[in-house]
Amino acid sequence: MDTSLRRPFGVTASGVPVEELTLDNGILSCRLLTYGGILRSLQVPDRRGVPVDVVLGFDTLEEYENQTYYIGALVGRCANRIAGGSFTLDGAHYSLAVNSGPNHLHGGTVGFDRRVWQVASLTREEAVLALTSPHGEEGYPGALSVQVAYRLEGASLAIEYRAAADRPTLCNLTNHSYFNLSGQGSGPVLDQLLQIHGENYTPLDANSVPTGQIAPVEGTPLDLRRLTPLGEHIGDPFPQLELARGYDHNWVIDGAAGTLRPAAAAFSPATGISMVLSTTLPGVQLYTANYVEEGLPGKGGAVYGPRHAFCLETQFFPDAVHHPAFPSPVLRPGEEYRHTALFSFSAR
């Protein structure tokens, strides 16, 4: 393992050392933290060939530990919300941490975003991080073994997730990077264009969990089937947008789940950077950083605020364990959870 690709990045409040890992293939480069499996930076060439860091982040470990926005982190054991912080599986009832109103969010109080991951392997173009979540952690049944590979492939960043469990449990892993294709710290993203390949979405109730309905986007501000400026409809008087203060919804991605297919695309007129996201999972959550505090200090003197970035979280649908019509996030012994998210970049 090449030790020149890793450096100390501080020690957690509980005394665990954290490292920063560097990947660079001559086209893209990124920095990762073993704390939370965080994608701390992602350098992408703009239309002039100048590298631009397109993800939000912080300069110190302390800032990452203190943040509540999951910026850059690997999220699990179950991403997004579980209504009421509980579920029933095979007749057994499980109570989880309630950390978002009445709901369980992104794995709980100490989810995978707050764990220090092990470096299973590291080359200049790939880092594989590993984590074992014991039976009962955050209330989940079964021990879960996870590996996540970050890999640079030409002008693409692939994130590959694998997991296995020793008893039936839930598994829904994602990355929670905040993208700004004009460059982190450049302000709101409302002039950036976004497209989502989804004819349907899952409407939310008053507690921000799906109602169980799958509704068409046609005729609503959630119709992003063509490249649309994020600011074009984000302030429309539409109840779903008013509830979430903007976009914070799950789209049902067109095509067959389990196949790697286009899910979303984005473009910055300022830098000319385009990003195409492909996924093997059935859903993608678009979140426009609606709840990031104004004036939040970021990397290199940057200052962040609401709508200064967008997240595209590949996932099973939120609260799927309570909706039999949704694709199931249940993982059973002998099965392997496998998921790929591919972020491909170009500039014009």
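Parameters at a glance
All residue numbers refer to position in the chain's written sequence, counted from 1. Per-residue local features are limited, in this predicted model, to residues with pLDDT of at least 70; the limit for side-chain atom pairs, both in listing and counting, is 80 or more; totals at the level of whole chains, interfaces and linings are taken over all residues. Values reported for side chains reflect all heavy atoms of the structure, with hydrogen atoms and water molecules removed beforehand. For helices the rule is a DSSP run of H or I covering at least 4 residues; for strands it is a run of E covering at least 2, with both sets numbered from the N terminus onward. Based on C-alpha atoms, the radius of gyration is set beside the globule rule, defined as 2.2 Å times the residue count to the power 0.38. Buried, partly exposed and exposed residues are distinguished by accessible area as a fraction of the type maximum, computed with a 1.4 Å probe on protein chains only: under 20%, between the cut-offs, and over 50%, respectively. Pairs of residues are marked as contacts when any of their non-hydrogen atoms sit within 4.5 Å. All accessible areas in this document rest on Shrake-Rupley with a 1.4 Å probe, and a residue is counted as covered only by the protein chains that are shown. Put simply, a salt bridge is a Lys or Arg side-chain nitrogen that is within 4 Å of an Asp or Glu carboxyl oxygen. The rule is short: rings of Phe, Tyr and Trp, with Trp giving its six-membered ring, pair when the centres are within 6.5 Å, and they are stacked under 30 degrees, edge-to-face over 60, tilted in between. We call a charge positioned above a ring when the Lys NZ or Arg CZ atom is no farther than 6 Å from the ring centre and deviates by at most 35 degrees from the ring normal. By the criterion applied in these results, polar contacts are pairs of N or O atoms within 3.5 Å in which, for protein atoms, one can donate a hydrogen and the other can accept it, and in which residues neighboring in sequence qualify only through two side-chain atoms. Cavities and pockets were defined on a 1 Å grid built from protein atoms only: a cavity is a group of points that admits a 1.4 Å probe but offers it no way out, a pocket is an open group of points flanked by protein on both sides within 12 Å along at least five of seven lines, and a lining residue is one with an atom within 4 Å of any such point. Grid points are joined across faces, edges and corners, and a volume is the space filled by probe spheres set on the points. Note on residue classes: Ala, Val, Leu, Ile, Met, Phe, Trp, Tyr, Cys and Pro are nonpolar, Asp, Glu, Lys and Arg are charged, and everything else, Gly too, is polar. Strand pairing is assigned whenever DSSP identifies at least 2 bridges connecting the two strands.

Caption draft 1: Broad picture of the overall build of the protein. Across its full length, the protein holds two helices and 29 strands. For 348 residues, the compact-globule formula gives about 20 Å, and the C-alpha radius of gyration of the protein, at 19 Å, lands near that figure. Overall, the protein is about 60 × 50 × 35 Å in size when its C-alpha atoms are taken along their principal axes. Across the 348 residues of the protein, 58% fall into the buried class. Pairs at least 24 residues apart make up 65% of the contacts formed inside the protein by residues separated by at least 6 positions. As displayed, the protein offers around 12,900 Å² of accessible surface, 51% of which is attributable to carbon and sulfur atoms.

Caption draft 2: Fine view of the pattern of salt bridges. Per the counting criterion, the structure on display carries 17 salt bridges. The salt bridge partner of E160 is R151, with a shortest N-O separation of 2.8 Å. Take E160: its relative accessible area is 26%, and that puts it in the partly exposed class. Between R225 and D223 there is a salt bridge; the shortest N-O distance is 2.8 Å. Take D223: its relative accessible area is 23%, and that puts it in the partly exposed class. Where salt bridges share partners, they join R7, E20, R31, R40 and D59 into one cluster.

Caption draft 3: Just the packing of aromatic side chains, in detail. Inspection of the entire model under this criterion finds nine aromatic pairs. In textbook terms, an aromatic cluster arises when at least three aromatic residues are bridged by ring pairs, as seen for F87, Y94 and Y140. When the ring centre of F267 is taken as reference, the NZ or CZ atom of R348 above it lies at 3.8 Å.

Caption draft 4: Fine view of the side chain of H249. Topologically, H249 is positioned in strand β21 (residues 248-252). Residue classification places H249 among the buried residues on the basis of a relative accessible area of 0%. Within the local environment of H249, its side chain forms a polar contact with the side chain of Q240, the two groups lying 3.2 Å apart. With near-sequence residues (within four places) excluded, H249 lies in contact with Y201, L204, L222, Q240, L241, A244, V284, Q285 and L286.

Caption draft 5: Region of the structure containing unusual backbone geometry. Residue G76 is joined to R77 through a cis peptide bond whose omega torsion reads 10°. By the secondary structure assignment, R77 is in the loop between β6 (74-75) and β7 (81-82). Residues other than glycine seldom take positive phi values, yet E138 does so here, at roughly 55°.

Caption draft 6: A look at the layout of surface pockets. Each pocket or cavity is described by its volume, and for the largest pocket that value is around 430 Å³. Surrounding the largest pocket, 24 residues form its lining, T68, Y69, Y70, L105 and H106 being those nearest its centre. Considering only residue class, the lining of the largest pocket consists of nine nonpolar, ten polar and five charged. Of the pockets and cavities examined, the second largest pocket occupies roughly 170 Å³.

Caption draft 7: The pairing of strand β27 (residues 311-315), seen in detail. Of all five residues that make up β27, five are buried, and the element is covered over most of its length. Along β27, one buried face is formed by C311, E313 and Q315 and the opposite face, lined by L312 and T314, is buried too. Note that strand β24 (residues 283-287) and β27 share five bridges and pair antiparallel. Across the sheet, residue L286 finds its bridge partner in β27, namely L312.

Interpretation in functional terms is not warranted from these geometric data alone.
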